[in-house]
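# Structural overview for review
If you want the building blocks of each chain, they are given just below.
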Amino acid sequence: MEETGKKLKTMNIVGLGLGGAIGTGIFLLLGFGIAYSGRSIILVCAVGCFFMLLAYWYQFAIPTMFVLKGGDYSMKTMLFSPLVSGIGAWFGVVGGFAFSGYAIGITDYICVVVPGLKKYSMVCSLVIITLVFASSYKGSRFITILENLVTVLLVAALALFIIFGVAKVDAGNFFSQSYDGGFFRNGFGGFVAAIAVMGWACQGTTMAPISMAAVTERPKHTIPKAIIIITVLLAVIYAFMAYAASGVLPYGQVAGANISVTAEVIFPKGLYLFFVIGGGVGALASSMLGGIGMMRYPMLQIAEDGWLPAIFKKTTKSGYPYITYLMFYLISIFPIVTGMGLDSVVSLVMIPTMLMNIYMNFACISLPEKYPEQWEKCSIKMPRWFWKACCILGVFCAGVVSYNLFIELSVKDSIICVALVAALVGLSALRLKQGAVSKEALAENKKAVIAQAIADDAD
């Protein structure tokens, strides 16, 4: 049923998208970015937001040609082959690794307040994941209330960090090459590696806007414009955070550490505790709860489509998919019990995502030829060569992120990553060969999505 009421305008989408883009990644990864690039992290964050926009080029480009009410799901339905549809579905399953990253991050912040827990960090992370999954059984309104509250706390925490932190930076020496190792501490390679590891924090400028096409006024014009504004604002906010995080304390104290190290220096005790608990722990916990809630129906759909065995369609009388959640729980604790660090966990989440982005950006190259009428009505006019160049650049950016994340993995973690990707490709091929997934049904679904997108184009 079509949603009624006033349609969203540009600034509505900007507010929604910026709130979604400013997330937990900046709390978790800024110290790792500093470790790779030193004070060049300010450039990493500014450039990284646009770099990641290019890595997600298809999410910016396709909405200029089509009105896709299903957001990213509809885009992938349009462009995926049957095999890649399965790979994408399985990659979504292993997205559960992200929850271990959140749990590790929460543990790190709790250990800042209670240092004695440091030696029990693995147990603490496992307890956090277990409690969060247990809380998902009934599903409560308090999760939505928590999300709204934490958004306010998160924005307040980041604003305070910037205000107090910028005032503490020695601006006269910050840009001096001789001061504390200077810029580009590990050369250009370190700069690129920092962009790759900060990708999790700098992405997210496109997902919320494209998911709102059904309720947006003139979506082909509004959504791309809003994405550009969100990216610019995010780059500015993150650059100021990076300036404070890398400029207050010496490199050796902040490299690889979360930003609570800097926060302890710049804040009075009360504000410091607010930043750690309200900002750090609150934002991470909110992301975990929200993520676990949102994965229920996509995973049931993956099971319905046949990519997962039929047992994963089982639910309780109240509709709780207990087999699916058990699988996600086991996936989530795997990085913790195997002793993976936070940076490795991020890589296991981001590498499959970037591989999908490579495929999607490449598939966009032929859209002007396949849909000439939609190309003529494209909301952002550009020469075809420029469109194709941006698609290729998007392939390159996604490839750079995945490659740099992979080469920074330990031998053990790189073997796990390769084995994981190979296994997921094999599982997709196997399910198709077994006939568990209907190629005909996938083809019909693709036709329906394309037909609906063209029909909804009222521009």
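Quick caveat, the model's predicted, so the values are computed rather than measured.

To continue, consider the nonpolar core. If you look at the biggest cluster of nonpolar residues, it comprises 160 residues, and the most contacted ones within it are Phe161 and Met198. In terms of residues, this core owes the most to one element, helix α14 (residues 219–247), which gives 13 residues. Excluding its chain neighbours within four sequence positions, the residues that come into contact with methionine 198 are Ile26, Leu29, Leu30, Gly33, Ile41, Val44 and Cys45.

Let us look at the confidence of the model for the protein chain. The share of residues in the protein chain with pLDDT of 70 or more is 91%, and the mean pLDDT across the chain is 83. Taken as a whole, residues 1–5 scores under 50 in pLDDT and shows four contacts with residues more than four places along the chain or in a different chain.

Attention now moves to the side chain of serine 40. Structurally, serine 40 is set in the loop between α2 (25–37) and α3 (41–55). A relative accessible area of 0% places serine 40 in the buried class. What serine 40 contacts, discounting residues up to four positions off in sequence, is Phe183, Phe184 and Phe191.

With that settled, the discussion passes to the packing of aromatic side chains. Applying the stated criterion to the full structure yields 17 aromatic pairs. Note on phenylalanine 267 and phenylalanine 275: the rings are 5.6 Å apart at their centroids and 45 degrees apart in plane angle, and the pair reads as tilted. Since its relative accessible area comes to 1%, phenylalanine 275 is described here as buried. Following the ring pairs from residue to residue traces out a cluster consisting of Phe99, Tyr102, Phe133, Trp200, Tyr325, Phe328 and Tyr329. Here arginine 185 stacks its cationic end above the ring of tyrosine 251, 3.6 Å away from the centre of that ring.

Side chains that differ in charge, positive against negative, can pair when their charged atoms come close. Within the structure shown, the criterion is met by three salt bridges. One salt bridge in this structure joins glutamate 369 and lysine 388, with 3.1 Å as the shortest N-O distance. Linking glutamate 369 in helix α21 (residues 367–370) with lysine 388 in helix α23 (residues 384–407), this pair joins segments that are 19 residues apart in sequence. For glutamate 369, a relative accessible area of 41% gives the class partly exposed. Salt bridges sharing common partners tie together Glu369, Arg384 and Lys388.

Where α2 meets helix α11 (residues 187–197), the axes come as close as 8 Å, and the angle between the chain directions of the two elements is 170 degrees. With respect to α11, the element α2 is oriented roughly antiparallel. Across from Leu29, Phe32, Gly33, Tyr36 and Ser37 in α2, the residues of α11 making contact are Gly190, Phe191, Ala193, Ala194 and Val197. Considered class by class, the residues forming the contact of α2 with α11 number seven nonpolar, three polar and no charged.

This brings us to the packing of α3 against α23. Relative orientation of the contacting elements α3 and α23 amounts to 115 degrees, with a least axis distance of 7 Å. The pairing of α3 with α23 is recorded here as roughly perpendicular in orientation. For α3 against α23, the interelement crossing comes out left-handed. Here Phe51, Met52, Leu54 and Ala55 of α3 lie close against α23, whose contacting residues are Leu393, Gly394, Cys397, Ala398, Val400 and Val401. Tallied by class, residues from the contact of α3 with α23 come to nine nonpolar, one polar and no charged.

A word on the environment of threonine 222. Along the chain, threonine 222 turns up in helix α14. When the C-alpha positions of threonine 222 and threonine 10 are compared, they lie 5.4 Å apart, and in sequence the two are 212 residues distant. Apart from residues no more than four positions distant in its own chain, threonine 222 is found in contact with Lys9, Thr10, Ile13, Thr216 and Glu217.

The rules behind each value
Here the residue numbers are simple positions, counted from 1 along each chain's written sequence. Totals for whole chains, interfaces and linings use every residue, but because this is a predicted model, local features are given only for residues with pLDDT of at least 70 and side-chain atom pairs only at 80 or more, for both listing and counting. Computation of side-chain values covers all heavy atoms of the structure but excludes hydrogens and water. Take the buried Ala, Val, Leu, Ile, Met, Phe, Trp, Tyr and Cys residues and link them wherever side-chain atoms come within 4.5 Å; each set so joined is a nonpolar core. In this scheme, a residue with accessible area under 20% of its type's maximum is buried, one over 50% is exposed, and one in between is partly exposed, where area comes from a 1.4 Å probe on protein chains only. Helix and strand labels come from DSSP, where a helix needs a run of H or I of at least four residues and a strand needs a run of E of at least two; each type is numbered from the N terminus. By definition, residues are in contact when any of their heavy atoms lie within 4.5 Å. Here pLDDT means the predictor's own confidence in every residue, given as a number from 0 to 100. Paired rings are identified among Phe, Tyr and Trp, the last through its six-membered ring, by centres lying within 6.5 Å, and are further divided according to the angle between planes into stacked (under 30 degrees), edge-to-face (over 60) and tilted (the rest). Note on criteria: charge over ring means Lys NZ or Arg CZ within 6 Å of the ring centre, with the direction from the centre no more than 35 degrees off the ring normal. Each salt bridge in this description consists of a side-chain nitrogen of Lys or Arg and a carboxyl oxygen of Asp or Glu lying within 4 Å of one another. Fitted lines through C-alpha atoms give the axes, limited to the stretch in contact for helices. The angle between two N-to-C directions lies from 0 to 180 degrees. Here is the rule for angles: anything less than 35 degrees is roughly parallel, anything more than 145 is roughly antiparallel, 65 through 115 is roughly perpendicular, and the remaining ranges are oblique. In this count, Pro and Cys sit with the nonpolar residues alongside Ala, Val, Leu, Ile, Met, Phe, Trp and Tyr, while Asp, Glu, Lys and Arg are called charged and the others, Gly among them, polar. The sense of a crossing depends on the near helix, which, turned anticlockwise from the far helix by less than a right angle, makes the crossing left-handed and, turned clockwise, makes it right-handed.

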